[in-house]
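Coordinate inspection notes
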Amino acid sequence: MTEEERIFSGRLFASEVPELVEKKLRAHRLSQDYSSLYEEDTAERERILHALLESVGEGTFMLGPIRFHYGCHTRIGSHCFMNFNFTVQDDARVTIGDHCNFGPNVTIVTPMHPMLSDERRGIVCSDGISRFLCYAKPVSIGNDCWFGANVVVCPGVTIGDNCVIGAGSVVTRDIPANSFAAGVPARVIRAITADDAIANKFPDLR
């Protein structure tokens, strides 16, 4: 079993092995290349995203700078928008649906590190070699979600369709569809309903 297969099966894996280091270095280089371009360099930015990510849909745009840890472990749907400093530590798979919007400084993380300090320095494996080990949990985000500035989505979280996550929230548990959630840790504040229509706030729509 490869280290990448261990990641996807939820097992402990050693992140410093060459097969993973090369994938990460490639993603870091492509992230830097994307971030170095001007916004109007749309064709080259699109080319880089297709090289960086496992898949990305039509019309998805990221302002930059961006940072992906692996890139090839992330799938993003169509017509999404990512504001400045979008960061994805995608050791495990990250899946984002269509028509999602992300405010500045949104971070998605998947790895889980040891709680004990001595284990963070290395764990002796069955072959007698000490390795830096962790495990990772996938993140899944549905369609038509909005994330305010500085949201952090933690490992193993699933967020349903049509959710709004308030600015500065830390999402540590699943959020059901059609919910407004906020806080540290984030909790569901209420359901999103037709009463939230913008026309109710601005009856003299332009």
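Residues numbered from 1 in each chain as written. Predicted model: local features only at pLDDT ≥ 70, side-chain atom pairs only at ≥ 80, totals over all residues. Heavy atoms only, no water.

**Thoughts on the packing of aromatic side chains**
Scanning the entire structure with this criterion turns up three aromatic pairs. Plain terms: the ring middles of Phe-68 and Phe-86 are 6.0 Å apart, the flat faces sit at 70° to each other, and that makes the pair edge-to-face. With Phe-68 in strand β4 (residues 66–68) and Phe-86 in strand β7 (residues 86–89), the pair connects residues that are 18 residues apart, well separated along the chain. For the pair Phe-68 and Phe-86, one class covers both residues: buried. Centroid distance Phe-86 to Phe-102: 5.1 Å. Interplanar angle 55°. Geometry classified as tilted. With Phe-86 in strand β7 and Phe-102 in strand β9 (residues 101–102), this pair connects stretches of sequence that are 16 residues apart. (Phe/Tyr/Trp six-rings, centres within 6.5 Å; stacked < 30°, edge-to-face > 60°. Helix = DSSP H or I, 4+ residues; strand = E, 2+ residues; numbered from the N terminus. Buried < 20%, exposed > 50% of the residue type's maximum accessible area, 1.4 Å probe, protein only.)

**Topic: the pattern of salt bridges**
Evaluation of the coordinates by the stated rule reveals seven salt bridges. Across the pair Glu-54 and Arg-75 runs a salt bridge, and its minimum N-O distance is 3.1 Å. One end of the pair, Glu-54, is in the loop between α3 (42–52) and β2 (55–56); the other, Arg-75, is in strand β5 (residues 74–76), and 21 residues separate them in sequence. Given a relative accessible area of 35%, Glu-54 falls into the partly exposed group. Given a relative accessible area of 33%, Arg-75 falls into the partly exposed group. In the salt-bridge network here, residues are joined through shared partners; they are Glu-54, Arg-75 and Arg-93. (Salt bridge = Lys/Arg side-chain N within 4 Å of Asp/Glu carboxyl O.)

**Some details on unusual backbone geometry**
Looking along the chain, the bond that leaves Gly-64 and enters Pro-65 is cis, with omega of 0°. Note on placement: Pro-65 falls in the loop between β3 (61–62) and β4. Looking along the chain, the bond that leaves Val-184 and enters Pro-185 is cis, with omega of -5°. As for its placement among the helices and strands, Pro-185 is situated in the loop between β21 (179–182) and β22 (187–191). A positive phi angle, close to 65°, is found at Asn-150, a residue other than glycine. As for its position among the elements, Asn-150 is in the loop between β16 (146–147) and β17 (152–153). Look at Asn-178: it is not a glycine, yet its phi comes out positive at around 60°. Structurally, the position occupied by Asn-178 is in the loop between β20 (170–171) and β21. Judged by relative accessible area, which is 36%, Asn-178 ranks as partly exposed.

**Some thoughts on the UniProt feature "domain: Maltose/galactoside acetyltransferase" (unreviewed entry) in the chain**
According to UniProt, the positions carrying the feature "domain: Maltose/galactoside acetyltransferase" (unreviewed entry) are residues 4–58. Split by type, residues 4–58 is 64% helix and 7% strand. Its first and last C-alpha atoms lie 28 Å apart. (UniProt positions renumbered as here; feature names shortened; annotations may be inferred.)

**Comments concerning the side chain of Glu-3**
Tracing the chain through its elements places Glu-3 in helix α1 (residues 3–8). Arg-6 provides the closest opposite charge to the buried, salt-bridge-free Glu-3, at an N-O distance of 4.4 Å. Here Glu-3 is in contact with Phe-13, Ala-14, Val-17, Glu-19 and Leu-20, once residues within four sequence places are set aside. (Lys, Arg positive; Asp, Glu negative; His and termini not counted. Contact = heavy atoms within 4.5 Å.)

**A short note on the sheet that holds β17**
Spatially, β4-β7-β10-β17-β20 is the arrangement adopted by the five strands of the open sheet, whose pairing is parallel. Unpaired on one side and paired on the other, β4 and β20 mark the two borders of the sheet. Inspection of the sheet shows β4 paired to β7 by three bridges, in the parallel sense. Paired with Arg-67 across the bridge in β7 is Thr-87. (Pairing = 2+ DSSP bridges.)

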